[in-house]
Amino acid sequence: MHVADRELNMVASPLEIRQMSEAELEVVLGWAEAEGWNPGLHDAACFYAADPGGFLVGVMDGELVASIFAVKYGDSFGFIGGYIVKPAWRGRGHGWALWQAAMARLAGRNVGLDGVLAQQANYARSGFRLAHRNFRYEGRGTGRPMDACPAIPLSALGDEEIRRYDRSFFPEERDRFLREWVGQRQHIALGIVGAQGLAGYAVARPCRTGYKVGPLFADTPAVAEQLFASVLGKLAPEVPVFLDVPELNPAAVALAERHQMQRCFETARMYTQKALAISMDRQYGITSFELG
């Protein structure tokens, strides 16, 4: 997500741009909370594991004033997120300077982002093209455990099986990130195993408000339903639950609406090169608007 979008056309300003520390990433996630993004309680460690050099901060006179994530995956893909300029420092070109540094770091790669729909024209001027929209849905837990549910703790499966399955949904390996993501504290991580191995998995992480479910990957709508209902059953009825659904998968939209979730936000998924050759019809919940 991005709140410095309005600065994409500004003239760059003198700004110290450097890699942020993990402690500074915690500070930036506090900015994200203030913007209403509702980050996960343990996002910093998981995000940082993906690519420590990809988290950039802008500094003026020793003060952190802006942030952006420019995370590399493998040799060919990158993702932009966490693009924030502190309110008191907006309109001075700091966001544009940081944006340029981020894009330079990812030069030559296919770069993705999730931005607000109104900023598509600005992103297009930086070479991004719309691939699809994502809808954020909000619902509540049910507190009703499923009887005879085939979902098992994801920890019962080996790392290699999780990585193998995940590669159908992401253009490059993201092993370091995935290891942290599926093992973070206070999370719910479930998988369903079929005849050919893992047939779907879901991770729900605690956030400043409620839980976000992502990813939710499944071979069939029935597996997706079992995983999602199992997650909801582990959360009390008053607990908010959020699911980010790709518009390209009608079964994912139907899943959210069948559980009486309400659409509350949407983003534009855009890429600098062609849309990714990944399985969208089995993607019921994207991992994160910040890292793809």
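Residues numbered from 1 in each chain as written. Predicted model: local features only at pLDDT ≥ 70, side-chain atom pairs only at ≥ 80, totals over all residues. Heavy atoms only, no water.

### Structural notes on the overall build of the protein
Turning to step 1, where the next piece is worked out: When its secondary structure is counted, the protein shows eight helices and 13 strands.
Turning to step 2, where the next piece is worked out: A compact globule built from 292 residues should have a C-alpha radius of gyration of about 19 Å, and the protein, at 19 Å, falls within 12% of that.
Turning to step 3, where the next piece is worked out: For the protein, the spread of C-alpha atoms along the three principal axes comes to 60 × 35 × 30 Å.
Turning to step 4, where the next piece is worked out: The burial tally for the protein puts 58% of its 292 residues in the buried class.
Turning to step 5, where the next piece is worked out: For the protein, the proportion of contacts with a sequence separation of at least 24, taken over those separated by at least 6, is 76%. (Helix = DSSP H or I, 4+ residues; strand = E, 2+ residues; numbered from the N terminus. Rg over C-alpha atoms; globule rule 2.2 N^0.38 Å. Buried < 20%, exposed > 50% of the residue type's maximum accessible area, 1.4 Å probe, protein only. Contact = heavy atoms within 4.5 Å.)

### Details of the packing of aromatic side chains
Turning to step 1, where the next piece is worked out: What the rule picks out here adds up to 19 aromatic pairs.
Turning to step 2, where the next piece is worked out: Considering the side-chain rings of Phe77 and Phe170, the 5.6 Å spacing of their centres and the 80° angle between planes classify their relative orientation as edge-to-face. Residue Phe77 is located in strand 4 (residues 77-85), and its partner Phe170 is located in the loop between helix 5 (159-166) and helix 6 (175-181); the two are separated by 93 residues in the primary sequence.
Turning to step 3, where the next piece is worked out: With a relative accessible area of 2%, Phe77 lands in the buried category.
Turning to step 4, where the next piece is worked out: The exposure class of Phe170 is buried, given its relative accessible area of 5%.
Turning to step 5, where the next piece is worked out: Both rings, one in Trp99 and one in Phe128, keep their centres 6.0 Å apart while their planes meet at 55°; by these two values the pair is tilted. With a gap of 29 residues between them, Trp99 in helix 3 (residues 94-105) and Phe128 in the loop between helix 4 (120-125) and strand 6 (129-140) connect regions that are remote in the sequence.
Turning to step 6, where the next piece is worked out: For Phe128, a relative accessible area of 2% puts it in the buried group.
Turning to step 7, where the next piece is worked out: Every member of this aromatic cluster is reached through a ring pair, and the members are Phe47, Tyr48, Phe55, Phe69, Phe177 and Trp181. (Phe/Tyr/Trp six-rings, centres within 6.5 Å; stacked < 30°, edge-to-face > 60°.)

### Re the environment of Gln262
Turning to step 1, where the next piece is worked out: With respect to the element layout, Gln262 can be found in strand 12 (residues 262-271).
Turning to step 2, where the next piece is worked out: Once residues within four sequence positions are removed from consideration, Gln262 is found in contact with Arg136, Tyr137 and Glu138.

### Examining the UniProt feature "domain: N-acetyltransferase" (unreviewed entry) in the protein
Turning to step 1, where the next piece is worked out: Those residues carrying the UniProt feature "domain: N-acetyltransferase" (unreviewed entry) are residues 15-159 in this numbering.
Turning to step 2, where the next piece is worked out: For residues 15-159, the end-to-end C-alpha separation is 41 Å, with 28% helix and 34% strand making up the annotated structure. (UniProt positions renumbered as here; feature names shortened; annotations may be inferred.)

### Some remarks on the nonpolar core
Turning to step 1, where the next piece is worked out: The biggest cluster of nonpolar side chains holds 42 residues, and the ones touching the most others in it are Leu25, Phe47, Phe55, Phe69, Tyr201 and Leu291.
Turning to step 2, where the next piece is worked out: Those elements that place two or more of their residues in this core are helix 1 (22-34), helix 2 (43-50), strand 2 (55-60), strand 3 (63-73), strand 4, helix 5, helix 6 and strand 9 (197-206).
Turning to step 3, where the next piece is worked out: Not counting residues within four places of it along the chain, the set of residues in contact with Phe47 comprises Leu25, Leu29, Phe55, Phe69, Phe177, Trp181, Ser288, Glu290 and Leu291. (Core = buried A, V, L, I, M, F, W, Y, C linked by side-chain atoms within 4.5 Å.)

### Some remarks on unusual backbone geometry
Turning to step 1, where the next piece is worked out: Cis geometry is found at the peptide bond from Gly214 to Pro215, where omega equals 0°.
Turning to step 2, where the next piece is worked out: Take Pro215: it is sitting in strand 10 (residues 211-218).
Turning to step 3, where the next piece is worked out: Non-glycine residue Asp61 carries a positive phi angle of around 50°.
Turning to step 4, where the next piece is worked out: For Asp61, the location among the structural elements is in the loop between strand 2 and strand 3.
Turning to step 5, where the next piece is worked out: For Asp61, a relative accessible area of 81% corresponds to the exposed category.
Turning to step 6, where the next piece is worked out: Not every positive phi belongs to a glycine, and Gln186 is a case in point at roughly 65°.
Turning to step 7, where the next piece is worked out: Taking the relative accessible area as the measure of exposure, Gln186 reaches 51% and is therefore exposed.

### Observations concerning the packing of helix 1 against helix 2
Turning to step 1, where the next piece is worked out: Running from N to C, helix 1 and helix 2 cross one another at 125°; their axes reach a closest spacing of 9 Å. Taken as axis vectors, helix 1 and helix 2 run oblique relative to one another. Note on packing geometry: the crossing formed by helix 1 with helix 2 is right-handed. In this structure, helix 1 uses Glu22, Leu25, Glu26 and Leu29 to contact helix 2, whose residues at the interface are Asp43, Ala44, Ala45, Phe47 and Tyr48. (Axes fitted to C-alpha atoms, helices over the stretch in contact; angles between N-to-C directions. Parallel < 35°, antiparallel > 145°, perpendicular 65-115°, else oblique. Left-handed = near helix turned anticlockwise from the far one by under 90°.)

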